[in-house]
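Single-letter residue listing:
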2 protein chains.
Amino acid sequence: MELEKITSAGRGEPKRRYDDACGTAHALDLIGERWALLVLRELMLGPRRFTDLKVDLPGISANVLTQRLGELEARGLVRRRFLPSPTRVAVYEATAWGLEAEPIVQSLGRWAARSPAHDPTLPISGVSILLSFRTMIDARRAKGIDARIGFRFGHDDYVARIKKGAIKVARASEARPLSGCDAVFSGPPSALAAVVYGGQPLDLVGVTGDRALAQRFTTLFPLPPKVGADGH
Amino acid sequence: MELEKITSAGRGEPKRRYDDACGTAHALDLIGERWALLVLRELMLGPRRFTDLKVDLPGISANVLTQRLGELEARGLVRRRFLPSPTRVAVYEATAWGLEAEPIVQSLGRWAARSPAHDPTLPISGVSILLSFRTMIDARRAKGIDARIGFRFGHDDYVARIKKGAIKVARASEARPLSGCDAVFSGPPSALAAVVYGGQPLDLVGVTGDRALAQRFTTLFPLPPKVGADGH
DNA sequence: CCGTATCCAATAAGATACTG
DNA sequence: CAGTATCTTATTGGATACGG
């Protein structure tokens, strides 16, 4: 029988490190492993359970998810917590520092939006599309709007507040109920993506409340021009 | 003998893709493979040769560098070019879109600067430390300065222009010679890092020209407070 | 000097089955 | 549901060897 195997990953250090004092390289040591940043992204709008994460990260396997969560926790980016009684279920939530990684997610998303190889028909999680609204909103187009927009993605409800050209997004809650929204979208996130980013008609998604507002909402997130084959 | 092996990587598509319409995930498909973003970082201040890249990326092996460069080229981020006669050497340079990835490098670096695990004594490349100046400059501290600072890292010369609290960095050239600088640092990039980020005395590096200016320059890049063990 | 090709060992990721 | 355990495959890194 082998002795206990104490891997460095168990203590949060990547096994394969870049020996580089550059901050960018160190960031990649922390969140550069496959899936790590996408796991963190899924936690940007609040705590989630293991199985939610597995569902929203298409293709991740349970053992890799376990490993990534353990590493992120050991590195101080994620915390494992139990919800208060009577639920007592385990959830993973981003720490304050973990949430500070959002600019990374945004800069990656904004940059990739110009990619000619981007396939918008692939599945997308609710958290992803809501974060993309934060990234892509056109302040000029949103200027005159002051409204609350709700989203119902399966069991997960979110509320966005648009005001002064900016958008804030959070889970729906007692303080921010869907019922307080001027318009509410429902359906799978990929359908909403097809409408907002794919120019598909609004009736691909369910809409309740102010339909004209909902229609206008879908036009607030213009995509930048694609780059050509020569990278310009 | 096997038939020709046409890998998808040879056409620039990652073999292991995230099936996710999210822009962040797509960005990771493009530059998320090991070393890819660091290779691109090394090209941010101008074209470089294969061997320069290999030297400045400690630990990368020649075959991995070849592969990453080929993928980056196929994806439109990097172009391979021959310098004009009489040199005729091959160099790799970032395309316009590749250069647009700099905000990604910056957001990663800024975020990782708060990491308690960051080890500033590791080696660092000239490009890295100059890019870090762009990322970390404190506009308030740099407010009153209008100066040109030169850097001589081995065979590579760079010139930084500080003005109105901002810094611009470029390779030295006929138009921007080191001789036109108010102060010039020389020595290995890691020594400069020790002075600027490690609080070490100025005489770890060579300085010519206005020594007081050089001293002041080293104080323009304050590091943010480290996060605690609980991620706050 | 500038890479490319090949081979090998170590590690990471993926698939699947399984347990409390 | 929330993960582990196990097995297989893919990728990486290191060492060379080799061609222009």
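Structure's up top.
Scoring rules and cut-offs
Residues numbered from 1 in each chain as written. Chains lettered and ligands numbered in written order. Predicted model: local features only at pLDDT ≥ 70, side-chain atom pairs only at ≥ 80, totals over all residues. Helix = DSSP H or I, 4+ residues; strand = E, 2+ residues; numbered from the N terminus. Rg over C-alpha atoms; globule rule 2.2 N^0.38 Å. Buried ≥ 20, exposed ≤ 12 C-beta atoms within 10 Å, placed from the backbone. Contact = placed C-beta atoms within 7 Å. Nonpolar A, V, L, I, M, F, W, Y, C, P; charged D, E, K, R; others polar. Near = placed C-beta within 6 Å.

A closer look at the overall build of chain A
Scanning chain A from terminus to terminus reveals ten helices and seven strands. In terms of overall dimensions, chain A is globule-like: its C-alpha atoms have a radius of gyration of 19 Å, near the 17 Å expected for 232 residues. With respect to the three principal axes, the spread of C-alpha positions in chain A is 65 × 55 × 30 Å. Within chain A, the fraction of its 232 residues that count as buried is 40%. Across chain A, the fraction of contacts at a sequence separation of at least 24, relative to all contacts at a separation of at least 6, is 56%.

Quick word on the interface of chain B and chain A
Contacts between chain B and chain A engage 53 residues on the former and 53 residues on the latter. Only α1 (23-31), α2 (36-42), α5 (96-99), α6 (102-112), α7 (126-136) and α9 (189-196) of chain B provide two or more residues apiece to the side of chain B that touches chain A. Residue contributions to the side of chain B that touches chain A peak at eight residues, all from α6 of chain B. Class assignment of the residues belonging to the side of chain B that touches chain A gives a composition of 28 nonpolar, 17 polar and eight charged.

Re the environment of Ala113 of chain A
Along the chain, the position of Ala113 of chain A falls in the loop between α6 (102-112) and α7 (126-136). Ala113 of chain A gets classed as buried once you count the C-beta atoms within 10 Å, which come to 22. With residues up to four places along the chain from it excluded, the contact list for Ala113 of chain A reads Leu223 and Pro224 of chain A together with Gly23 of chain B.

Observations regarding the protein's contact with DNA strand D
The environment of DNA strand D is formed by 20 residues, the closest being Phe50, Thr51, Ala62 and Asn63 of chain A together with Lys15 of chain B. Contributing elements (two or more residues each) for the surface near DNA strand D: α3 (50-56) and α4 (62-74) of chain A together with α4 (62-74) of chain B. By residue class, the composition of the surface near DNA strand D is eight nonpolar, six polar and six charged.

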